[in-house]
Every structure is written in C-alpha cells, then in structure tokens.
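# Summary of structural features
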Amino acid sequence: MPLASLPYLTPALPEILLALGGLALLMYGVFQKDGDGAAEARAARRTAWAALAILLVALVVVVALGKDRALTFGGLFVVDAFTRFAKVLVLAGAAAALVMTGDFLVRHGAGRFEYSVLVVFAVTGMMMMLSANDLMSLYVGLEMQSLPLYVMATFQRDDSRASEAGLKYFVLGALASGMLLYGSSLVYGFAGSTNFEALAELFRHLGADRPPLGVVFGLVFILAGLAFKVSAVPFHMWTPDVYEGAPTPVTAFFSVAPKIAALGLFVRLMMGPFGELAPHWQQVVALIAVASMVVGAFGAINQSNIKRLMAYSSIGHVGYALVGLAVADADGIRGMLVYLAIYLVMNLGTFACILGMRRGGRNVESISELAGVARTHPLFAAALGVLMFSMAGIPPLAGFFGKLYVFLAAVEAKMFVLAAVGLLTSVIAAFYYIRIVRVAYFDEPGEALDRTLRPEVAWIAWAASALVILFFLGPGPVLKAAAAAAKALLVE
Amino acid sequence: MFELPILSLLIILPLVGAAFILFIRGEAEVVAANVRSVALWTSGIEFLLSLFLWFGFDTESAGFQFVERAEWMPGLDIAYHVGVDGISVLFVLLTTLLTPICVLASWEAIRDRVREYMIAFLVMETMMVGMFAALDLFLFYVFFEAVLIPMFLIIGVWGGPRRVYSAFKFFLFTLAGSVLMLVALLAVYADAGTADIPRLLAHRLPVSWQPWLWLAFFASFAVKVPMWPVHTWLPDAHVEAPTAGSVILAGVLLKFGGYGFLRFSLPMLPAASEAFAPLIFALSVIAVVYTSLVALAQEDMKKLIAYSSVAHMGFVTAGAFSFTLQGIEGAIFQMLSHGVVSAALFLIVGVVYDRTHSRDIETYGGLVHRMPAYAFAFMVFMLASVGLPGTSGFVGEILVLIGLFQVNAWVAALTATGVILGAVYMLYLYRRVIFGRLTKEALARIGDLSAREIAVFAPLVVLVFWMGIFPAPFLKIMHVSSANLVRQVDEGRRVANLPVAPVAASPQLARAQ
C-alpha cells in the first residue's frame, strides 16, 4: 500500500497507542507460565503498572494534541476541545480506578493480568466513542468498550453475585446496543447518511419542524439505547445489581469512566447531528433527567449496602448532568461538563473510602460497618464526610458548584420547574448522604475496621477530598476549559 | 478609610486558627488544653480586629464600606465581593462577640473531641462573618448554606439524647428552604446578568416575577427566622444542641433570616413585599401569641427559651414589613438585642445544666440561696427578654411597635400582647427556678458562678444595659442605611403601582418631570 493513501493518523494517536499497548500487554500475559499463583500475581502486578503507564502516556498525548478540530479516517473520527476535555476525564478516571484496584483482586482470589488489559481495551473503546463522527464509528466504539466491561463485571468468576451482575449487564447491554443500532438504521434509512455533519446539514436544511417521521422514531430508539448506557431512568434497573455484584474497584471504574464516556457521546450526538431537532428531544431528556433525579433520591434511602447506595447516587448524578443537556445550549453543556469533572473526583474519592472499609483484610460493604469510624479513624471519617457533603451539594464544597452551573443554565433558559424539582430532589438525596455522615460521626463505634489504609487508596481519598474542599478557590480554569469544550461542540 | 483588608482578615482568621488546631500534637489532655486556648486566642483577636469596623464605620454614608472585590468566576460576573453597611456591620460584631464567649462557655462542658468541636466553631465563625459581609449573590449563598455542616456536626456529635433526630431535622428543614432560594437567586442573576448585590439593589426585577421570587426567598428566610409554622425544628435543635451550639444558633443563625428579608426581599422585591406584608403580619402575630403561650407550658428550660425566641423573632419580621423607619430600625435592634439576650439565657441554662445535668424546671427552685450572682445575671437577662425599659429588649420592641402602629393598629395591638405574655412566662420561669425554698437534695451543694462564668456574662450584662440605656451609638450606625432602605422600598412600591403604559408611551412626560 502506498504510504500516501494511509489515513491521517495524528488525531487518533492516543487511541492507537492504547490499542497497541493493550495488545502488547496481552501478549506479555499470555506468554507467562501459568499454574504458579505467585507468578500469576506478579504478572498481574506488572501489567497493572504497564497499563497505568500507557493510560498516562495517552493522557499526555491527548493534552499535547491541542484543542484544534481535526477530522480523519474519511470523516469517521473527530477531535476537538470537547473530545479533549472528555478524554482527559475518562483517562484520569480509568487511571485512578486502576491505581485503586491495587492488590484487591489478588486478595480476593482473582489476581490475573487480563484485568489491566481489559481496562486498556475498554478505555480505547470509550475514546473512540467520544471521537465518533459517524453512527458507524459510534457503534464500533460503543461495543468495544462494552465487551470488556461485561467481562470485568464478572471478574471474580467464582462469586455468584458477580456472575449474576455480569450476566444481567450483558443481556441488558446487548438489548440497549440493539436498540441503538436499530435507531441508527432508521435514521440512516430516512436521512440517507450516517455521517454527523451530513445529518446536521440535512436537518438544518429541513428545519426543526419538519423532520421525517422515521428520523424522530430512530432518534427515540437511540435515546433509549444511550439512556441505558448512562443508566438514566427508566433504563436504570441493571445499575444497582451490577454495582453491588461487581468487585469494588470495578464498580469504581464503572461509576466514572464509562459513564463519562457515554454522557459525552450522548451530548455530541444530541447537540451535533440532532442539534437542529432539539425541540423534539429536549422534553424527553428533561423527563429522563427529572425521573433520574427522583429515582436516585428516593431509591437510595433504604439501602444498607454502600455500593448499592452509590448506584442510586450515580443515577441521581446522571439526572443532574442531563439537566445541562436538556437546556441544550452552550451554558448547559458547560455546566454538564463541569458537573462531570466534579462528579469524577467525588466518586473516585468515595470509592477509595469504600475500598478502605476492610476488616481482617476482607472488604466490607454494609453502611453500618462505618459506625463510629470518626473515633477510630478520624482522618478517614473526615474525608468521607467531606465527600458526602459534597455529593449532597452543600457549599462551599465542589458538588455544590457542579449543581450551580447546571441549574444556572436551566434557569437562564427559563426552565424553572426543572431547576426547582432538581434542587428539591437534592434535599431528599442529602438525607441519605448525611445518613452516612451520621453513622460515621454520631453512632457508637462497633467492631473496628482495619487500622491501616493501603497508601494508594488513602492518597486518592485525601486528594479527592482536598480537591473538593479547595475547588471554590479557583473554579476559573475548569470553567474555562468546559466553556471551550462546549463551544467546540456547538460551532460545527 | 482603612487600607487594611479588614473583612477578608475577619473571614480568614478563624480558618487559620482552625488549621493551627488541626496540627496540634501531643497527649490528649495537653492537646485539649492547647486547642481551647488557641480557639480562645483566635476568636479574641478576631473580636478585637472587628472593633475596627465599629470605630472606622462612617455613619453618614448609606453605601457599602470596607469593600473588597476580587475575581472569582471569570466571565460570569460572579466575584468575591465583600463589604458592610449599617444593616450588616452590627451583625458582624455580634458574631465576633459571641464566638469567644461560646469558646469560653464550652471550656469545661466539652471534654470529648475538643479539637473537632473548636474547629467546627471557628469554621462556623468564618461562615457567619462571610454571610453578613457578602456582596455577591453566590458568595452569600455559599456562606449561608455552609453553616449547615458545622452546626449539623455540633448538634449531632455533642448533643443530647435525641441529637440525631434534631440534627437531621435542622439540616433538612434549612436545606429545603435554601434550595428554593437558590432557584430565586439564579433567576435574579439570569435577569440582571450580575451577581453583584449593590448593583442588584438598583436593578428592577420584572413585577410579574416578583411574587414567585419573593416566595422562594421567603421559604428560606422563614425557616431560618423561624416563623410559625416552620419553626418546629428550632425547639428540637436547641434542646439537643450543646450550650454553645444553642448560643450561636439563637444568637446568630436565626438572624440570617431577618437579615435576608432586609437585604433581599425588601429592597429587591418591593412590590411583592408590599403584597405579601399581610401574610407576614399574620404569621408574625401567630408566632408572637401562639409560641408565647406554648412557652408558658414548657417544662424544659431550653425549650421555653427556644419558643420565646420564635416569639421575639416575630417582632422582627413584623417590624421589617411595616416599611417604616422605626419598624426597620426596631427590627434590626431587636435582632441584636435578641442575639445578646437569648444567647445569654442559653448560657444561663448551661450553667446549671453543667452542674446538675438537668434542664427540667421541676428539678430547680430556690437557687438564689446558693447562687446569688447567678440569680442576678439571670434576672438581668430575664428582664431584658421581657423588654423592661432600661434594657436592650425594650428599645427594639418599642421601635417595632411604633412602626407597626403607623401602618396597622390591629397588628400592633396583637403584637404588643407578646410583651405581656413574655413577662408572664419569663417571670414564671424565674420564680420557679430561682425563688422559693431550696428543698431539692441535688441542689444543696450547688456552687455559684466561677470566675470563668463571670467573665462570660459580664460583657453581656454590660451590653444589655448599654443598649437599653444609651442605644444612640447603635441606632446611629444603622440609621442612614435603614433610611435608605425605606426610601428604596417606597420608590419600588411607587414604581410598581404606576400604570405601566403611560410611562413607556410618553417619553415627553418623563422628560418634563
């Protein structure tokens, strides 16, 4: 093949790096001698470090590529300020989740090198999703991230809860992918193209009031499929089971990287090709957002397992983020992106705390285990308390500012009811967040948790709570980056 | 004018103290002792520093003074902007006065987790000062709401037996009100395009929005004040909170609501304020009469004082919505007086609670025989709470009543019954606790005020008499700003009541005027 006909590869450099790196790690792992437990653990540790290095290098490359818009692979693949912002979040989230995993899987009898390889491949898929500029590359990226995730959910394969979680995730995930694909085919059938720019051009030409009925139909299917991927109500049913069943570091990973990637894709798809049809999908997204906020708030009240509680919490947070999309303008998208950045930090910190809940080397998951940790582990309790208040959206912590920008956009767009409902559900949600603070601070200590936190977990928890506390000092840079990303999305 | 960024210093200093406390190491006893003294020094220096405000304040100006401004959220016109006027400056001083008193009052009462306790109080002082000094909508909201975290922990960790229930009730009631206010703040910001309070005071919000915005603000401030019927969190929170927690709650946090009405509802939403004034009057009268009667029936001293707080704050809301100079000055004065007196009364209860661990009125009687100094201090604050001429309570109540009589004699008359009912329940309380024969076994060896406790009460006694006998310095500080507020409200009401069309249609007319 003549060199000149090679596609322009630079914009896709991080993805190429990740894919090659993942393959190399796979090769390394496969050629290890098996049967020896210690050797397996060693291989797992080495691949984890290597995977972390690959993710960080990819992060550097993403940042170094700059925020200029570039298209490649015949218009299938795009990079701009938006993809850069979202990819940084995904890579940072994945890297932190990988660090947090530490020796968790080894201790729980599932220390195999495939885990890190799967993380790398899943992240590759997420980056492709974010850069998709065509319904086909979108689908390829989506499936590429989904398949490793299904396997990761069942990584503790002798644990029946994990198997159940993985199976449920797989069946429902496949259904959602099917809906998305069906919706895409309807859109293609009625609009005649799968390319985002071509679609946007077509709808601009047709005007918002007269899109073909088939396109609207397809759009609804695509919305349903995406709502499933971001676990928005009414497609959220899998979330609590998967969050509870999957190994805790995997849950931490699930709650950040795929969620941010899917929300990023959601935003690009709705604001890009379907931007002109906003009046048609705005109401649907607003409804999904309200339903997610309500279910997230009420569903968590009665949970006793902290991972299950976090599942409902993440449903609620997706609802808040979708408020920004429902507004469908630059301010809304900016608010949503800031929200996602803050959500990432809060969630990683909280999962670090959850990973710190150990007794006799085993992880425990019941909220009541936290009773009185403020006396036995004051710093751990303080970090957890800060993160919980932040999740509840109490100023001056970062979680408040996330909500502030989203609801500011909603109010500026005169969506007062949406804002009021959203903020009232945050009061209900505050109840279960501060219930955790209550257990940690007000209750008498029970059987004490393990004295020492693993350093990597402790550092992530401290760093997250410090960021959450100090965000109010300088929200400027995050705001500016998010505004640039939102602008890049809208000028296409 | 001072070049010193005095308000920023006041906001940051307690945090510096808290950070210092965080790093104190050593044995538990030593740490506790050091923590106490660091907290006392920090809050003491803070108070001395805040005196600059008192002496440097220009009483001739209605504008904001000691103003500082810095970029916070670039491009959004949301800034770190602080300053005080005649309405807010005295509340800053009230805060800085009460915090060292709280630290001193907790000296021996708190033995468990002293470090966290003092950090919570210092952080709270930062939030309270910041709240009164904020001149930016969102800065205001951040401070307004951030107070919830330390107060929640103070009630929940160091509180009484039903602390968890009370802490949750306090937190959720206040939060529910506040988020509605947040929607209103966002709407105000969206309409005006700025979060700068001085500029917003000059901005006219659309009359059609005003009722909704007013109700959203009301939801938050009414919970904080608290007004009947959303006052139910207050008795619970007070009863369960540790003494110093009650002091701050009654002394400063309740003023957030009254201050909010004066800072936002009145000047920014004059038309709606006028329309809703009857509602405020009705709720205030109910608060004054009903909660006074409820107070009469209480067997728990703290609960009694909590209900009396609701009644006294009823004067504040009624006075503020009379839109008269006397009414508004009376409301501010009443808040200050209540801040001192109710704080002192909670401390009074705390003194005997520390000794006997009971708040039931039943368990006391005849304390005057063993505790003459205590009986004297109690009497001063009791009479100030009743509103005896010569004490601070009288000035506030009489000004409010004068203001109210000008607008609605019925409301004034009904509110005035609160003065009588107040005398009934306070004197009844005093008689049962202090007078009579000392027959109770547990009280036979009870000791009088210690030197530390006298140090706690002395400044408050002085202040009660000073504000009662010579209130002029206080009134002078608030006078120009209050007059300006009255003018703003009148102007806003006049504009809102004008028919809109002629003004818009005939620019000649406007020019001719």
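As the structure is a prediction and not an experimental result, all values here were calculated from the model.

### Let's talk about the environment of Ser116(A)
Residue and element names in this part refer to chain A. Examined against the element boundaries, Ser116 turns out to sit in helix 5 (residues 114-131). Given the relative accessible area of 3%, Ser116 is considered buried. Spatially, the C-alpha atom of Ser116 lies 15 Å from that of Leu17, the residues being 99 residues apart in sequence. Once residues lying within four places of it in the same chain are set aside, the contact partners of Ser116 are Ala44, Thr47, Ala48, Ala51 and Leu98.

### A few points about the confidence of the model for chain B
Residue and element names in this part refer to chain B. Summary statistics for chain B give a mean pLDDT of 88 and a share of 96% for residues scoring 70 or more. The model gives residues 500-513 a pLDDT under 50, and that stretch makes 1 contact with residues more than four places away or in other chains. Overall fold confidence for the complex sits at a pTM of 0.91, while the interface term, ipTM, reaches 0.89.

### Details of the pattern of salt bridges
Going through the model one piece at a time under the given rule, you end up with 36 salt bridges over all chains. Its salt-bridge partner being Arg452(B), residue Glu453(B) comes within 4.0 Å of it at the nearest N-O pair. On the basis of relative accessible area, Glu453(B) is assigned to the buried category, the value being 6%. Taking the relative accessible area as the measure of exposure, Arg452(B) reaches 15% and is therefore buried. Residues participating in the shared-partner salt-bridge network are Arg161(A), Glu164(A), Lys168(A), Asp241(A), Glu244(A), Lys307(A), Arg308(A) and Glu365(A).

### Topic: the nonpolar core
Phe253(A), Phe274(A), Trp281(A), Leu325(A) and Phe381(B) are the most contacted members of the largest nonpolar core, which has 397 residues in total. Here Phe253(A) is in contact with Ala94(A), Ala97(A), Val119(A), Ala122(A), Val123(A), Met126(A), Leu149(A), Met152(A) and Pro258(A), once residues within four sequence places are set aside.

### Examining the packing of helix 3 (residues 89-105) of chain B against helix 11 (residues 243-268) of chain B
Residues and elements named next belong to chain B. Their axes nearest at 9 Å, the elements helix 3 and helix 11 cross at an angle of 170°. Accordingly, the angle class assigned to the pair helix 3 and helix 11 is roughly antiparallel. Along the contact surface, helix 3 presents Phe91, Leu94, Thr95, Leu98, Thr99 and Cys102, while helix 11 presents Ala244, Val247, Ile248, Gly251, Val252, Lys255 and Tyr259. Partitioning the contact of helix 3 with helix 11 into residue classes produces 9 nonpolar, 3 polar and 1 charged.

### Some details on the environment of Arg370(B)
Residue and element names in this part refer to chain B. Within the secondary structure, Arg370 sits in the loop between helix 14 (325-356) and helix 15 (372-386). The exposure class assigned to Arg370 is partly exposed, which follows from its relative accessible area of 35%. Linking Arg370 and Val352, residues 18 residues apart in sequence, is a C-alpha distance of 12 Å. Excluding residues that lie within four positions of it along the chain, Arg370 makes contacts with Leu438, Leu443, Ala444, Arg445, Ile446 and Asp448.

### Focus: the interface of chain B and chain A
Quoted interface sizes are often the accessible area lost when the parts come together. At the interface, 34 residues of chain B touch 38 residues of chain A. Of the roughly 3,200 Å² buried at the junction of chain B and chain A (both faces included), carbon and sulfur atoms supply 84%. Along the contact surface separating chain B from chain A lie 1 salt bridge. Residue Arg375(A) pairs with Asp112(B) through a salt bridge whose shortest N-O separation is 3.0 Å. At the boundary of chain B and chain A, one finds 4 residue pairs in polar contact (both at pLDDT 80 or more). Contributions of two or more residues to the side of chain B that touches chain A are made by strand 1 (65-73), helix 5 (137-146), helix 6 (148-158) and helix 7 (163-192) of chain B. The dominant element in the side of chain B that touches chain A, judged by the number of residues it contributes, is helix 7 of chain B, at 16 residues. When its residues are assigned to classes, the side of chain B that touches chain A shows 29 nonpolar, 1 polar and 4 charged.

### Regarding the packing of aromatic side chains
Between two aromatic rings, the relevant description is the distance of the centres plus the angle of the planes. Under the criterion given, the structure shown has 55 aromatic pairs over all chains. Between the aromatic rings of Phe400(A) and Tyr141(B), the centroid separation amounts to 5.4 Å while the plane-to-plane angle is 25°, which identifies the pairing as stacked. A residue pair is termed interchain when its members come from two chains, as with Phe400(A) in helix 17 (residues 398-412) and Tyr141(B) in helix 5. Like Tyr141(B), Phe400(A) is buried. Taking 5.3 Å as the distance between ring centres and 35° as the angle between the ring planes, the aromatic pair formed by Phe140(B) and Phe144(B) counts as tilted.

### Observations concerning the side chain of Ser220(B)
Structurally, Ser220(B) is set in helix 9 (residues 210-224). What Ser220(B) contacts, discounting residues up to four positions off in sequence, is Phe144(B), Gly177(B), Ser178(B) and Met181(B).

### Points about the pairing of strand 1 of chain B
Residue and element names in this part refer to chain B. Of the pairings in the sheet, the one linking strand 1 to strand 2 (residues 78-84) comprises 6 bridges and is antiparallel in character. In the strand pairing of strand 2, Met73 is matched with Ile78. The antiparallel pairing of strand 1 with strand 2 creates a hairpin that spans 4 residues between the two strands, and Gly75 there sits at a positive phi of about 85°.

### Quick look at helix 5 of chain A
Given 3.6 residues to a turn, an α-helix orients residues that are three or four positions apart in the same direction. With 18 residues, helix 5 of chain A extends 26 Å from end C-alpha to end C-alpha; this agrees with the ideal 26 Å at 1.5 Å per step. Counting buried positions over the 18 residues of helix 5 of chain A gives 16, a clear majority of the element.

Conventions adopted
Residues numbered from 1 in each chain as written. Chains lettered and ligands numbered in written order. Predicted model: local features only at pLDDT ≥ 70, side-chain atom pairs only at ≥ 80, totals over all residues. Heavy atoms only, no water. Helix = DSSP H or I, 4+ residues; strand = E, 2+ residues; numbered from the N terminus. Buried < 20%, exposed > 50% of the residue type's maximum accessible area, 1.4 Å probe, protein only. Contact = heavy atoms within 4.5 Å. pLDDT = per-residue confidence, 0-100. Salt bridge = Lys/Arg side-chain N within 4 Å of Asp/Glu carboxyl O. Core = buried A, V, L, I, M, F, W, Y, C linked by side-chain atoms within 4.5 Å. Axes fitted to C-alpha atoms, helices over the stretch in contact; angles between N-to-C directions. Parallel < 35°, antiparallel > 145°, perpendicular 65-115°, else oblique. Nonpolar A, V, L, I, M, F, W, Y, C, P; charged D, E, K, R; others polar. Buried area = accessible area lost by both parts, 1.4 Å probe. Polar contact = N/O pair within 3.5 Å; in protein donor to acceptor, adjacent residues only side chain to side chain. Phe/Tyr/Trp six-rings, centres within 6.5 Å; stacked < 30°, edge-to-face > 60°. Pairing = 2+ DSSP bridges. Expected span 1.5 Å × (residues − 1).

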